[in-house]
Amino acid sequence: MTVPGTERSHAPDLSRVLSAFSSRAEEPPGPIQLLTPEGTLVHHPDDTPGYDPLRLRAFYRDMVMARSIDTEATALQRQGELGLWPPLAGQEAAQIGSAHALRADDYAFPSYREHGVAWCRGVDPVDVVRLYRGVTNGGWDPREKNFHLYTLVVGSHALHATGYAMGLAKRGSGAAAIAYFGDGATSEGDVAEAFTFAAVHDAPVVFFCQNNQWAISEPVERQLRGPLYRRAAGFGFPGVQVDGNDVLAVHAVTEAALEHARTGNGPFFIEASTYRMGAHTTSDDPTRYRRAAELDEWRAKDPIDRVRTHLAEAGHATQEFFDDVATEGAELALRIRRQVRTMPDPDRTEVFGHVYADGHPLVDEERAQFAAYQASFADQEVK
Amino acid sequence: MTVPGTERSHAPDLSRVLSAFSSRAEEPPGPIQLLTPEGTLVHHPDDTPGYDPLRLRAFYRDMVMARSIDTEATALQRQGELGLWPPLAGQEAAQIGSAHALRADDYAFPSYREHGVAWCRGVDPVDVVRLYRGVTNGGWDPREKNFHLYTLVVGSHALHATGYAMGLAKRGSGAAAIAYFGDGATSEGDVAEAFTFAAVHDAPVVFFCQNNQWAISEPVERQLRGPLYRRAAGFGFPGVQVDGNDVLAVHAVTEAALEHARTGNGPFFIEASTYRMGAHTTSDDPTRYRRAAELDEWRAKDPIDRVRTHLAEAGHATQEFFDDVATEGAELALRIRRQVRTMPDPDRTEVFGHVYADGHPLVDEERAQFAAYQASFADQEVK
Amino acid sequence: MSTESMTLARALNQSLRKALEDDPQVLVMGEDVGRLGGVFRVTEGLQKDFSEERVMDSPLAESGIVGTAIGLALNGYRPVVEIQFDGFVFPAYDQIVTQLAKVHARSRGMLTMPVVIRIPYGGGIGAVEHHSDSPEALFAHVAGLRVVSPSNAADAYWMLQQAIRSDDPVIFFEPKRRYWDTAEVDRAVPPVDLHRADVVRRGTDVTLVAYGPMVKVCLEAAEAAAEEGRSLEVIDLRSVSPVDFDTVQASVERTRRLVVVHEAPVFFGAGAEIAARITTRCFYHLEAPVLRVGGYHAPYPPARLEEEYLPGLDRVLDAVDRSLGY
Amino acid sequence: MSTESMTLARALNQSLRKALEDDPQVLVMGEDVGRLGGVFRVTEGLQKDFSEERVMDSPLAESGIVGTAIGLALNGYRPVVEIQFDGFVFPAYDQIVTQLAKVHARSRGMLTMPVVIRIPYGGGIGAVEHHSDSPEALFAHVAGLRVVSPSNAADAYWMLQQAIRSDDPVIFFEPKRRYWDTAEVDRAVPPVDLHRADVVRRGTDVTLVAYGPMVKVCLEAAEAAAEEGRSLEVIDLRSVSPVDFDTVQASVERTRRLVVVHEAPVFFGAGAEIAARITTRCFYHLEAPVLRVGGYHAPYPPARLEEEYLPGLDRVLDAVDRSLGY
Ligand SMILES: Cc1ncc(C[n+]2csc(CCOP(=O)(O)OP(=O)(O)O)c2C)c(N)n1
Ligand SMILES: Cc1ncc(C[n+]2csc(CCOP(=O)(O)OP(=O)(O)O)c2C)c(N)n1
Ligand SMILES: [Mg+2]
Ligand SMILES: [Mg+2]
């Protein structure tokens, strides 16, 4: 498993990327892009050799792994092994690119679809799948991974990230927090309040919005008017729009944003334009509300394909490499499948297990009653 | 009592004011101003004769009335006749200027300090004072005045105004709603959600923020970063900053904003820069948190003085007029005082009076128990 | 012929359709209620037939949804709001508790708030966190609100009609795991009062009181008990605020024993209020304390544990045994 | 000499000061808690002595305040949050109920949430709307939260210490109309458990249970009853979640009569839970149903009516009479 994020990239110079943002006119020509859908590099022509091939291959590998996890989990749900699965397909560049920009001491707050980020933070996909199997509401140790539990109440963790970042600044840690949320989430008051708290406290937090064009059945036009990235300026901090299917651009922008935050400049907002290629969750049927043509359009911008093309055409990777990654993905899928199928149900008393940290008479009483009640059946069975 | 708002002003041409907004560069020189603190007209030199003297005198009269209500209510609170009073002193231009821009069929949603707007909407000040005496939580018929009840939970009525405006648009009424709130309120998630709903629905609503520099003891820097009026752009609709102590500018800007909304262009945000000259409420002691020098600075920008100077210097009003207005203000104060002092307490059963519109067995039961309980004392007294 | 067999979800759909037809002021609003027809398809087809003006996909902001519904109600509309799941009503809690519930009282009756807030609630469908809660007690404590929950398709149809016609705000809890249960709905039968309890099974030994999803469980328990020669009376409360205590009292005066069943946690739940009040009303009749069967004082557990957590037939019968043991 | 006479508000101030001194992770945050010292001056002087980093004036956004407190707690801090008035906690309700209360359970104990939310609550000070509510039941129903309320300065001092030291979230309700009441505070006496009830007056005829502002009313009622030869026992519950039922039960087993008193509306209030559970525990002891005295099912009325609305000595004694009438 690749756990990157601790070394710095050999990407285009940060300051140059940042100045590219700040010199942008009111109406920018479009999202920041470094790699076109066709797999050719754009911008920063003097930045050759561009990204280190090692890093490029790491991006590619992790994107393939993320898709592999996603495909497998979707299949497991269809087979009744999971209660639900929210697929990330299409958002691999946004997640892998941004997660690679994180350092080990940065802390990430995911929403519920950040399986790719989880992977990069070293969370075992089986633990993510465990959650959607209904075995636990958590799944991993957030402190160990510096990756918080998934948050299902849309937008509420933007405030947790902000508070966490306020704490980072208080203790002068030099680290940053990042909050992942969707386009729909930007309508929730909590996200706006997070912007306010972050701005007023100069909190080192990056708000990373994956604008995947849809909030379940509602297109982004039902959530807001005007370019989303401009929201940040209204709260007094910078915001940029990046091609969310371009892992290079996402990575560069996120690295710059994190550096901005870590060095005491306060929050930063990133709108990564991307697309949810699958259903909202396995319970959803997107054919009810969106056109097939739209999906086709975005398929042409697949985030994995363009890296592969670039790697191949630039001679940064061999067929063997691609084969190895494919095999690794298949093996991972197999392991997930095996482990999920044999995953035991939680112990019944887990219900009472962690309601409080300190002792609690009511929980104790109910636990005892529950045990006695269960025991009464055991008696009956014995009889 | 003056109940304006039904005729159109003879103010500088709306379109010219609007274009003044839209041509403003990213960093405007400062808030929009038409009348300086010294009482001289600025901008639009070709707009002579500027505002109709009749209208100017109406502004002046209503501002004096508002201050008179405020001074009297503050005194009544000190004498124990009221439980509380939130003074408006200093914000007369923001309130009277904006309220004069409203038509009778526009609907206003005040927060808790809009006594000047209430006055312009034809609400008897005694009814406003009644609320702060603790006689009622309402005080007037909102539908009759198209002026909603005061809302004390900061920011929540921004959503009511937006919903109301959505309804106006639905029935094609051609009217607009206006929501009044403070600088502090802009931190509440509800206000951000109101911006989102208004923008997405193109709702004819004007958000009128009186930035009086303080939210109780917190200066505006504790609430936000950067110019407040820019918040609107982040939500996809126009926002401007106006000198909130300049009744002419406030009026012109509000009229333009309302027209913008009424004609199907969606919401508009106005930041009126003004100052709360008194305490937050009569329970507050501002000397604990703000410098006297700041107050002095703003005293020099008194919204009433500058209109008076202008009226006098332009020959638009005689001493007799000023004397009449002063007398009218004093008479109004006297009437308020008299009516408040003789104001009866509400009937005890009022507690149960209007919990539900339709019948309700629990309320009926408790009302009956209450009556029986009260009667038992009567019995005892008889014995 | 007005009687038709339909699922509870479809009964709600038909009821909304009828309301939209009958009264042009009725609006439907919420997340994904438009083209998608809601995640449970309760609003299916309504936007197509009644326009985007009347069936509105709202931005993803619950406080905004309820707050704008209040504004629309002030402007003469009768909004029917959908909250997507029980656990997502809390961002709107402030608007509901401090605003919606109080407008009528604050205005001394001058303003009414004919707003219905539909909330699919409860567990039993194997859902993820925040998708299985039963927060009705948190609304019943708040004066100014009405809180109801149908248990079957016929009540769903009629109670929603009545809720929409009420001039008070109604929190309308829909038992999501019963959405697909079918019953006969007679659309011509004049409704009984929204807040009346219904004795859905006569019995003599113990009274069971439930509402929403637990009515079915209690009926099954009564059936099972009958086989052992025990006669349980089952009352479908239908309304959690106000509560029809008269109907419960009349039953308990006969059976002398009462068990209250709900999915929500027992502690500070509806069972407490019913126990307290019925004990006062029937003090000399009760042979046993009012017993309560409900959720534990714990967050709703992950799906693989919900069967242990949720009150089922066995736990109800266990309480009946305990009641009869006094 | 550690005993000092002080007001309840000052006891809280001293307790916060002590906590800030003892533990560098303790933070104080809320609206106007800095230079102003809070609208009730409970945080007076703290920012000056402990810096703006540790005593923070928050933006006017309650969800934001609690949400960032959660984030700070995740980062190792122990935030003590002030909500300015009872009626303004609702914008934060979602963060409290769906997030704060559940972090420990969701993380299977890996994360703790040592957050205290201080809320001045209750009426009796002639305030305007939303400034006199008693919403404790709305928190007690929620698993994962602890809910307490001191009635006097000594408890205020110690209970706040304990709440801050707890690794669980504590909703700390401060009886605002008792802020200016004075009592002896012994800062050296080791505290009794945060969740233990306290028998504050011994008696034999009827037990009165109250907490927060109503304890004083009950003590006065007991005094008045004593003059008529009636002996009332008064229990200061101190904790609304969990409830120390053992102490109440022991008392009721002796007196055989119980009256519960609180300001919050009776319907679905704390009295319901206490009545239900004590009736079960003391079924064969009770000579009368547990009676409840509290607020009506109505929004808190305007100030000029609050005396009629609030439970006072007479209404408590009336309930005592009714209890003894059984
Ligand atoms: C507060 C809240 N309201 C509603 C929901 C139900 N819900 C889950 S995901 C979702 C759409 C989210 O859209 P977006 O923020 O764009 O994220 P995406 O799913 O597209 O990644 C909704 C409405 C929720 N989880 N939380
Ligand atoms: C939701 C909510 N939180 C807190 C309060 C307490 N409070 C009343 S006014 C106020 C400050 C408001 O400041 P601002 O919005 O600037 O309006 P201003 O009073 O300056 O006119 C606060 C914190 C409240 N009324 N509502
Ligand atoms: Mg989305
Ligand atoms: Mg202000």
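In this text the structure is predicted, and so the values were computed from the model without any measurement. (Residues numbered from 1 in each chain as written. Chains lettered and ligands numbered in written order. Predicted model: local features only at pLDDT ≥ 70, side-chain atom pairs only at ≥ 80, totals over all residues. Heavy atoms only, no water.)

In this section: the UniProt feature "domain: Dehydrogenase E1 component" (unreviewed entry) in chain A. Following the UniProt record, one finds the feature "domain: Dehydrogenase E1 component" (unreviewed entry) at residues 61–327 of chain A. Structurally, residues 61–327 of chain A comprises 47% helix and 12% strand, and the distance from its first C-alpha atom to its last is 11 Å. (UniProt positions renumbered as here; feature names shortened; annotations may be inferred. Helix = DSSP H or I, 4+ residues; strand = E, 2+ residues; numbered from the N terminus.)

Residues and elements named next belong to chain A. Along helix H12 (residues 303–313), the residues that are buried comprise Pro303, Ile304, Arg306, Val307, His310 and Leu311. Across the axial projection of H12, the buried residues extend over an arc of 165°, all falling on one side. Where the residues of H12 are buried, they touch helix H2 (53–78), helix H3 (92–101), strand S6 (239–243), helix H10 (247–265) and helix H13 (319–341). At the N-terminal boundary of H12, the capping side chain belongs to Asp302, with an oxygen 2.7 Å from the backbone nitrogen of Ile304. Within two residues after H12, Gly315 carries a phi angle of roughly 70°, on the positive side. (Buried < 20%, exposed > 50% of the residue type's maximum accessible area, 1.4 Å probe, protein only. Arc of directions from axis to C-beta. Contact = heavy atoms within 4.5 Å. Polar contact = N/O pair within 3.5 Å; in protein donor to acceptor, adjacent residues only side chain to side chain.)

As annotated in UniProt, the feature "domain: Transketolase-like pyrimidine-binding" (unreviewed entry) corresponds to residues 6–181 of chain C in the numbering used here. From the first C-alpha to the last, residues 6–181 of chain C spans 8 Å; its make-up is 35% helix and 17% strand.

Below, the discussion takes up the site of ligand 2. The immediate surroundings of ligand 2 are formed by 20 residues, with Tyr112, Arg113, Leu152 and Gly184 of chain B together with Glu62 of chain D found nearest. One of the side-chain nitrogen or oxygen atoms of Asn212 of chain B is found 2.9 Å away from an oxygen atom of ligand 2. Within the side chain of Glu62 of chain D, one N or O atom sits 2.5 Å away from a nitrogen atom of ligand 2. Protein chains bury 95% of the 580 Å² of accessible surface belonging to ligand 2 in isolation. In terms of residue class, the shell around ligand 2 is made up of 10 nonpolar, five polar and five charged. (Near = heavy atom within 4 Å. Areas by Shrake-Rupley, 256 points an atom, 1.4 Å probe, with all protein chains shown as cover. Nonpolar A, V, L, I, M, F, W, Y, C, P; charged D, E, K, R; others polar.)

Under the criterion given, the structure shown has 86 aromatic pairs over all chains. Both rings, one in Tyr60 of chain A and one in Phe322 of chain A, keep their centres 5.2 Å apart while their planes meet at 80°; by these two values the pair is edge-to-face. One end of the pair, Tyr60 of chain A, is in helix H2; the other, Phe322 of chain A, is in helix H13, and 262 residues separate them in sequence. For Tyr60 of chain A, a relative accessible area of 4% puts it in the buried group. Judged by relative accessible area, which is 5%, Phe322 of chain A ranks as buried. Between the aromatic rings of Tyr180 of chain B and Phe208 of chain B, the centroid separation amounts to 5.2 Å while the plane-to-plane angle is 55°, which identifies the pairing as tilted. Remark: Phe208 of chain B occurs in strand S3 (residues 205–211) and Tyr180 of chain B occurs in strand S2 (residues 177–182); sequence separation between them is 28 residues. Among the aromatic side chains, those forming a connected cluster through ring pairs are Phe181, Phe195, Phe207, Phe235, Phe237 and Phe269 of chain A together with Phe181, Phe195, Phe207, Phe235, Phe237 and Phe269 of chain B. Over the face of the ring belonging to Phe235 of chain B we find Arg231 of chain A, whose NZ or CZ atom lies 3.9 Å from the ring centre. (Phe/Tyr/Trp six-rings, centres within 6.5 Å; stacked < 30°, edge-to-face > 60°. Lys NZ or Arg CZ within 6 Å of the ring centre and 35° of its normal.)

A few words on the domain arrangement of chain C. Residue and element names in this part refer to chain C. Along its sequence, chain C is carved into domain 1 (3–186) and domain 2 (198–324). Centre-to-centre, using C-alpha coordinates, domain 1 lies 26 Å away from domain 2. Counting residues at the interface gives 27 residues for domain 1, matched by 23 residues for domain 2. Taking both sides of the interface into account, the surface hidden between domain 1 and domain 2 amounts to around 1,800 Å²; carbon and sulfur atoms contribute 48%. A per-residue breakdown of the area domain 1 buries against domain 2 is headed by Glu136, Arg177 and Arg178, which together make up 23% of the total. Inspection of the domain 1/domain 2 interface yields three salt bridges. We note a salt bridge from Asp181 to Lys216, for which the minimum N-O separation is 3.2 Å. Connecting domain 1 to domain 2 are 14 residue pairs in polar contact (both at pLDDT 80 or more). Put simply, the parts of the chain that give the side of domain 1 that touches domain 2 at least two residues each are helix H6 (137–140), strand S6 (146–148) and helix H7 (153–165). (Domains from an automatic or database assignment. Buried area = accessible area lost by both parts, 1.4 Å probe. Salt bridge = Lys/Arg side-chain N within 4 Å of Asp/Glu carboxyl O.)

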